[in-house]
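Observations on the three-dimensional arrangement
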Amino acid sequence: MEIVIVGAGVIGLATAWRAAAGGAAVTLVDPEPASGASAVAAGMLTPVSELTYGEEPLLRLGLASRDRYGGFVAELEDLTGLDTGYRTDGIIEVAFDSDDLGHLDDLRHFQESLGIPVEALTGRECRRAEPMLAPGVRGGLLAPEDGSIDPRRLTPALLAAGERTGVRLVRRRAAGLLVERDAAVGVRLDDGTELRADRVLLAAGPWSGDLEGLPSGTVPPVRPVKGQVIRLRARTPFIARSTRGIVQGSSVYLVPRADGEVVVGATQEELGFDTRVTAGGLWELLRDARELLPGITELEFAEVSAGLRPGSPDNAPVMGPTALPGLYVGTGHFRNGVLLTPVSADILAATLLDAPVPDVAAPFAPDRFSPEVTS
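What you see is a predicted model, and the numbers here were worked out from it, not measured in a lab.

Conventions and cut-offs
Within any chain, residue numbers begin from 1 and follow the written order of that chain's sequence. Thresholds applied to this predicted model are a pLDDT of at least 70 for local features of residues and 80 or more for the giving and counting of side-chain atom pairs; totals over whole chains, interfaces and linings are not thresholded and use all residues. As a convention, hydrogens and water are excluded, and side-chain values are obtained from all of the structure's heavy atoms. Note that domain bounds follow an automatic or database assignment of domains. What makes two residues a contact is simply this: any of their non-hydrogen atoms within 4.5 Å. In short, buried area is how much 1.4 Å probe accessible area vanishes from two parts on joining, totalled over both. Counted as salt bridges are all cases of a side-chain nitrogen of Lys or Arg within 4 Å of a carboxyl oxygen of Asp or Glu. Counting of polar contacts relies on pairs of N or O atoms within 3.5 Å, with two restrictions inside protein: one atom must be capable of donating a hydrogen and the other of accepting it, and residues adjacent in sequence are counted only when both atoms are side-chain atoms. Numbering of helices and strands runs from the N terminus; a helix is a DSSP stretch of H or I covering at least four residues, while a strand is a stretch of E covering at least two. Under this grouping Gly is polar, as are all residues other than the nonpolar Ala, Val, Leu, Ile, Met, Phe, Trp, Tyr, Cys and Pro and the charged Asp, Glu, Lys and Arg. The axes used here are C-alpha line fits, helices contributing only the stretch in contact, and every angle between their N-to-C directions lies in the interval 0 to 180 degrees. Small angles under 35 degrees read as roughly parallel and large ones over 145 as roughly antiparallel, with 65 to 115 read as roughly perpendicular and the rest as oblique. A pair of strands counts as paired when DSSP detects no fewer than two bridges linking them. Each residue after the first adds 1.5 Å to the expected span of a helix. Partly exposed residues are those whose accessible area sits between 20% and 50% of the maximum for their type, while under 20% is buried and over 50% is exposed, using a 1.4 Å probe and protein chains only. Joining through side-chain atoms within 4.5 Å is the link that ties buried Ala, Val, Leu, Ile, Met, Phe, Trp, Tyr and Cys residues into a set, and such a set is a nonpolar core.

1. Details of the domain arrangement of the protein chain
Per the domain assignment, the segments making up the protein chain are domain 1 (2–42 + 153–221 + 313–369) and domain 2 (91–144 + 223–311). Counting residues at the interface gives 16 residues for domain 1, matched by 20 residues for domain 2. By the criterion of area lost to domain 2, the three top residues of domain 1 are Val40, Ala42 and Phe334, representing 42% of everything that side buries. Summed over the shared surface of domain 1 and domain 2, the result is 0 salt bridges. Viewed at the interface, domain 2 and domain 1 are joined by 6 residue pairs in polar contact (both at pLDDT 80 or more). With 3 residues, the single largest contributor to the side of domain 1 that touches domain 2 is helix H2 (residues 37–40). Taken together, the residues of the side of domain 1 that touches domain 2 break down into 10 nonpolar, 5 polar and 1 charged.

Following this line, the structure appears as structure tokens:
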């Protein structure tokens, strides 16, 4: 089977690797692989901490993906010899004031009702776990099974894994979809070259619906959601594990790397395809981070960046076949693209290869947005 995948972020890269390993001839199309949201993301693996009420199917998907990560990374690092910065030392979530602590208490009760391990911490226990936390931190939660990975190490490893399994990388922009006899049969590149395939997967984030020739309504609308991120550098270890805080209702997180980098993020802005880094966005991140960890102002400034997360109408992934035969989508992962990479690759590769699809995929089919389903 010949498969063309449009988009080489973490989802496209991992799916290409898995599909090629399953015996398909895979061509991956992207002018700048791993340069979008994947290059900006902090890489927290937090299905529990990112949970909001009413998202139980997304929670199950996130848990399934987090639980796959150990084997996924072991296989990837063994194949390529590249380190991905994978960590499994838990994530601590802390509250700045009593209202924030009330939110964490509600979240803990909800998690416990679903059987998810979580440990409540007093303010003193939070500071014992992370001594740099401010004295006023009221309390927190420890999610012991969560962790993090470095997307800037993960994507080179996925590129190398694809190369070793025979994935062909074409560094061009896919300009159009080839449709014959009411079926997708490939893509046309921006230089006019046609790439023919049995199946086409669109995994280009918020650009997934931009191909010329794509029938109207075939792909659910996916909007760009801007996220600004700051990268700092510590000469000595600053925090021991990923730390997420709620400061008067606002969320901020810090993710440490072994080399001293500390990633601070992230804003969430509905501004179309705007990727400008703004003073206001950076100020909000540093303001909230400083409330929780005052010593952050002493860290060396390294980088600022902004990326565009792909958000579907319900902010959940869109994965599977479309109404157009031969055309598939794998996008809409919103804030969870890195977390959901292993399970999404398994789902999409299985779908493309007509293999059994994990049960957790069912709520995320593209047809959930069709008029027949939503009416």
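Having put the structure on the table, let's press on.
2. Some remarks on the environment of glycine 186
Residue position: glycine 186 is located in strand E10 (residues 183–189). Separated by 162 residues in the primary sequence, glycine 186 and alanine 24 place their C-alpha atoms 15 Å from one another. Glycine 186 has contacts with Leu177, Leu178, Leu195, Arg196, Ala197 and Val200, leaving out every residue within four places of it along the chain.

3. Considering the packing of helix H3 (residues 56–80) against helix H8 (residues 341–352)
H8 packs onto H3 with a crossing angle of 95° between their chain directions and a minimal axis gap of 6 Å. One way to sum up the angle between H3 and H8 is to call them roughly perpendicular. Side by side, H3 and H8 meet where Leu61, Ala64, Ser65, Arg68, Tyr69 and Phe72 of the first sit next to Thr341, Pro342, Val343, Asp346 and Ile347 of the second. Looking at the contact of H3 with H8 residue by residue, the class counts come to 7 nonpolar, 2 polar and 2 charged.

4. A word on the sheet that holds strand E17 (residues 300–311)
Taken together, 8 strands build an open sheet; the order of strands is E5-E6-E4-E14-E15-E16-E13-E17 and the sheet is mixed. Lying at the two open borders of the sheet, with one neighbouring strand each, are strand E5 (119–122) and E17. The sheet shows a mean angle of 20° between the axes of neighbouring strands, direction not considered. Pairing analysis gives 11 bridges linking strand E13 (residues 223–233) to E17, with the strands arranged antiparallel. Along E17, the bridge assignment pairs arginine 233 with glutamate 300. With respect to the sheet, helix H7 (residues 279–292) is in contact with strand E4 (91–95), E13, strand E14 (242–247), strand E15 (250–256), strand E16 (261–265) and E17, its orientation differing from that of E13 by roughly 55°.

5. Considering helix H1 (residues 10–21)
One turn of the α-helix equals 3.6 residues, which is why residues spaced by three or four share an orientation. Compared with the 16 Å implied by 1.5 Å per residue over 12 residues, the 16 Å span of H1 between its first and last C-alpha is a close match. Judged by how many residues are buried, H1 sits mostly within the fold: 11 of 12 residues are covered. Regarding H1, the residues found buried are Val10, Ile11, Gly12, Leu13, Ala14, Thr15, Ala16, Trp17, Arg18, Ala19 and Ala20. Looking one or two places after H1, you find glycine 23, whose phi comes out positive at around 110°.

6. Points about the nonpolar core
Grouped together as the largest cluster of nonpolar side chains are 45 residues, with contacts concentrated most on Phe72 and Leu154. Elements with a contribution of two residues or more to this core: strand E1 (2–6), H1, strand E2 (25–29), H3, helix H6 (151–164) and H8. Here this core gets 8 residues from one element, more than from any other, and that element is H1. The contact partners of leucine 154, leaving out residues within four places of it in the chain, are Val10, Tyr69, Phe72, Leu76, Thr84, Ile149 and Val338. Ile92, Ile239, Val247 and Val262 belong to the second-largest nonpolar core, a separate cluster that totals 25 residues.

7. A closer look at unusual backbone geometry
Residue alanine 266 is reached from glycine 265 by a cis peptide bond, and omega for that bond is -20°. With respect to the helices and strands, the residue alanine 266 is situated in the loop between E16 and H7. Of note in the backbone geometry, aspartate 354 takes a positive phi value of approximately 60° without being a glycine. For aspartate 354, the position within the fold is in the loop between H8 and helix H9 (371–374). Residue aspartate 354 is classed as exposed on the basis of its relative accessible area of 56%.

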